[in-house]
Amino acid sequence: MMRLNELLNSVAEAGREILSKRDKSLPEKTLETHCANLLSNKGEALGSAFAMAVVIAYRKSNEEEKLKFFYHLLESYSPNPELVIQRANEYKASNDYKAYAALNDAVESPRQMLFRRINMAPNGTETLVELRCDLLRFIKNNPELKTIDYDLSHLLKSWFNRGFLTLEEIRWDSPAVILEKLIKYEAVHYMSGWEDLKKRLGKNRRCYAFFHPSLPGEPLIFVEVALVKGLADSIPPLIDPTLDASISENKTDTAIFYSISNCQAGLAGISFGNFLIKQVVMELKRELPHLTQFSTLSPIPGFLKWLSREQENGDSEFIKETDRDVLSLLGNEHWYQDQEISEAVKPVLMGLCKKYLFHAKRGKLPCDPVARFHLGNGARIERLNWMGDKSANGLDQSAGMLVNYFYEISEVEKNHEAFINDGVIATSKDFKRKLSSI
């Protein structure tokens, strides 16, 4: 891969020299002009050089110039509506291949061709991922730019499909540049530096990541795994194995997936996690056949926000009137450190959190994003754990509660199909029994 990148860089450099000699007497070209050249006929001949010029110009642009560029893409590189209608009518009348191909050509925006040609630059893929990261940020206040994201995400989903990804185990002796990325991108349980990272890669611990050949040294997503005995119910022993160092590897029976972090903001919405979990399970079963259980210890990021909305709703179907006085105790900043308050709120919070995970829906799917992810992968809700994460983030999200999503290998496909097709949430018998008694 490195030799190919070196060759592409040489070609691009030679092309830039040609363009520089030809254009040295002309004023500096704008990003928009570089794009026009790239998409022109001459862009086919000097594609790599023109693509590199676009990449350099884009990376030099400030925020105002980038926003102007995105509107230029919207206004100058969108499909022609009249031509689309004309081609659609021709296809409707003839229903033949020629008309079908013409309709497809008319519907596809010129932006897609531009993005494909930008990708000819040695670092074109990396730049397009960065470009989409910028675009998603601008869309928040400029929703009309969503059509550009539709085109770009369509291409990125094709380029970053599972067939192009490689799974690698990350160890303490992996390249430092990759280890630094784990510290930077950890999104679930904060790492303060190298000592924390060393613990996460220590005894009875594993870390796996997906990589793409066009982004060498850049993990796309990674998962941290703890090998333990029985289901874990608390985060501290998982992120610091010295707290539970007595278990030898051959005595472990359970793999706990306790942190999954997406690394590239520009690839948001492009799912890697479902493939990652299943691939890692297969890797662990091959390496450690004595493992019999595969589960997560997951955050519940939407619970307290949902609970706050329900408390404001005087007619909430989930909160009993007798619960409201108990919930008011959460107004004490240190409620979780007060044993009397903690014991009073525990049954109420545990009951409401079970209802949230099972009954609170967005459409036919659960409100909670982590629940949607794991249930969509075919896992089941196994168990709710009180005070599993007392970090500030854990308390703010779910009053310290964590949930185990259990991957029963023989049931994963059945659970996945039932969830996707009918919104059926798989649960353990114990979870369902406790839910029905609330």
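Remember, predicted model here, so these are calculated numbers, not experimental data.

1. Notes on the overall build of the protein chain
Looking only at helices and strands, the protein chain has 21 helices and 9 strands in total. When burial is assessed residue by residue, the protein chain has 47% of its 438 residues classed as buried. For the protein chain, the proportion of contacts with a sequence separation of at least 24, taken over those separated by at least 6, is 72%. Averaging the locations of the 56 positively and 59 negatively charged side chains of the protein chain gives two centres separated by 4 Å.

2. Points about unusual backbone geometry
Phi at Asn204 is positive, roughly 55°, even though this residue is not glycine. Relative to the helices and strands, Asn204 resides in the loop between α12 (194-200) and β2 (205-211). We classify Asn204 as buried; its relative accessible area is 7%. Its identity as a non-glycine residue notwithstanding, Met387 has a phi of 55°, on the positive side. Examined against the element boundaries, Met387 turns out to sit in the loop between β8 (380-385) and α19 (392-398).

3. Digging into the packing of aromatic side chains
Overall, the coordinates contain 12 aromatic pairs when judged by the stated rule. Measuring from ring centre to ring centre gives 5.8 Å for Phe70 and Phe138, while their planes differ by 65°; the resulting arrangement is edge-to-face. With Phe70 in helix α5 (residues 63-76) and Phe138 in helix α9 (residues 124-139), this residue pair connects regions lying 68 residues apart in the sequence. Residue classification places Phe138 among the buried residues on the basis of a relative accessible area of 10%.

4. Thoughts on the pairing of strand β5 (residues 293-296)
As judged from the 4 bridges shared by strand β4 (residues 254-262) and β5, these two strands associate in the parallel manner. Following the sheet pairing, Ile256 is matched in β5 by Ser295. Read as a crossover between parallel neighbours, the route from β4 over helix α14 (residues 273-287) to β5 is right-handed.

5. Quick word on the pattern of salt bridges
The full count for this structure, using the stated rule, is 23 salt bridges. Measuring nitrogen to oxygen at the nearest pair gives 2.8 Å for the salt bridge that ties Lys181 to Glu218. Here Lys181 is found in helix α11 (residues 176-185), whereas its partner Glu218 is found in the loop between β2 and β3 (221-228), with 37 residues between them in sequence. Considered together, Lys181 and Glu218 belong to a single accessibility category, that of buried residues. Because the salt bridges share partners, they merge into one network encompassing Glu63, Lys66, Asp134 and Arg137.

6. Some thoughts on the side chain of Asn142
With respect to the helices, strands and loops of the structure, Asn142 is situated in the loop between α9 and α10 (146-159). Within the local environment of Asn142, its side chain forms a polar contact with the side chain of Tyr71, the two groups lying 3.0 Å apart.

7. Some details on the nonpolar core
Counting 92 residues, the largest nonpolar core has Phe70, Phe303, Leu349, Leu357 and Met401 as the members making the most contacts within it. Sort the elements by how many residues they give to this core and helix α17 (residues 339-359) lands first, with 9 residues. Setting aside anything within four residues of it in sequence, one finds Leu357 in contact with Ile300, Pro366, Ala371, Ile381, Leu384, Val403, Tyr405 and Ile425. In terms of nonpolar packing, the next biggest core, distinct from the first, is built from 13 residues, Met191, Leu197, Phe211 and Phe222 among them.

8. Things to note about the packing of α5 against α9
Between two packed helices, the angle of one axis relative to the other and the distance separating the axes together describe the packing. Between α5 and α9, whose axes approach to 11 Å, the crossing angle comes to 90°. Judged on the interaxial angle alone, α9 and α5 are roughly perpendicular. Note on element contacts: α9 touches α5 through Leu131, Asp134, Leu135, Arg137 and Phe138, opposite Glu63, Lys66, Leu67, Phe69 and Phe70. Residue composition of the contact of α5 with α9, grouped by class: 6 nonpolar, no polar and 4 charged.

9. Digging into the confidence of the model for the protein chain
The pLDDT averaged across the protein chain works out to 91; a share of 92% of its residues lies at or above 70. Confidence over residues 18-27 falls short of pLDDT 50; this stretch has 5 contacts with residues more than four positions distant or in other chains.

10. What about the pairing of strand β9 (residues 402-406)?
Within β9, 5 of the 5 residues are buried, which leaves the element mostly enclosed by the surrounding structure. Where β8 meets β9, 5 bridges bridge the pair, whose relative direction is antiparallel. The residue bridging Arg380 from the neighbouring strand is Phe406, located in β9.

11. So, helix α6 (residues 81-94)
If you check α6, its first and last C-alpha atoms are 20 Å apart, about what 14 residues at 1.5 Å a residue would give, namely 20 Å. Its side-chain oxygen placed 3.0 Å from the backbone nitrogen of Glu82, Asn80 serves as the N-cap of α6. Downstream of α6 by one or two residues, Asn95 has phi in the positive range, about 50°.

12. What to know about the packing of helix α4 (residues 47-60) against α9
At their nearest, the axes of α4 and α9 sit 11 Å apart, and the two run at 35° to each other. Between α4 and α9 the crossing geometry is left-handed. Residues Val55, Tyr58 and Arg59 of α4 touch α9, and the partners they reach there are Gly124, Glu126, Thr127, Glu130, Leu131 and Asp134. Residue classes in the contact of α4 with α9 are distributed as 3 nonpolar, 2 polar and 4 charged.

13. Regarding the environment of Gly202
Inspection of the secondary structure assignment puts Gly202 in the loop between α12 and β2. Separated by 212 residues in sequence, Gly202 and Lys414 place their C-alpha atoms 35 Å apart.

14. Points about the state of the cysteines
Within the structure shown, the criterion is met by 0 disulfides. Cysteine Cys133 is unpaired, with the sulfur of Cys263 as its nearest cysteine sulfur at 13 Å. When its relative accessible area of 30% is taken as the criterion, Cys133 is described as partly exposed. Unpaired in terms of disulfides, Cys207 finds its nearest cysteine sulfur in Cys263, a separation of 9.0 Å. The buried category is assigned to Cys207, whose relative accessible area is 1%.

Cut-offs and rules
Residues numbered from 1 in each chain as written. Predicted model: local features only at pLDDT ≥ 70, side-chain atom pairs only at ≥ 80, totals over all residues. Heavy atoms only, no water. Helix = DSSP H or I, 4+ residues; strand = E, 2+ residues; numbered from the N terminus. Buried < 20%, exposed > 50% of the residue type's maximum accessible area, 1.4 Å probe, protein only. Contact = heavy atoms within 4.5 Å. Lys, Arg positive; Asp, Glu negative; His and termini not counted. Charge placed at Lys NZ, Arg CZ, Asp CG, Glu CD. Phe/Tyr/Trp six-rings, centres within 6.5 Å; stacked < 30°, edge-to-face > 60°. Pairing = 2+ DSSP bridges. Right-handed = clockwise from strand over helix to strand, strands pointing away. Salt bridge = Lys/Arg side-chain N within 4 Å of Asp/Glu carboxyl O. Polar contact = N/O pair within 3.5 Å; in protein donor to acceptor, adjacent residues only side chain to side chain. Core = buried A, V, L, I, M, F, W, Y, C linked by side-chain atoms within 4.5 Å. Axes fitted to C-alpha atoms, helices over the stretch in contact; angles between N-to-C directions. Parallel < 35°, antiparallel > 145°, perpendicular 65-115°, else oblique. Nonpolar A, V, L, I, M, F, W, Y, C, P; charged D, E, K, R; others polar. pLDDT = per-residue confidence, 0-100. Expected span 1.5 Å × (residues − 1). Left-handed = near helix turned anticlockwise from the far one by under 90°. Disulfide = S-S within 2.5 Å.

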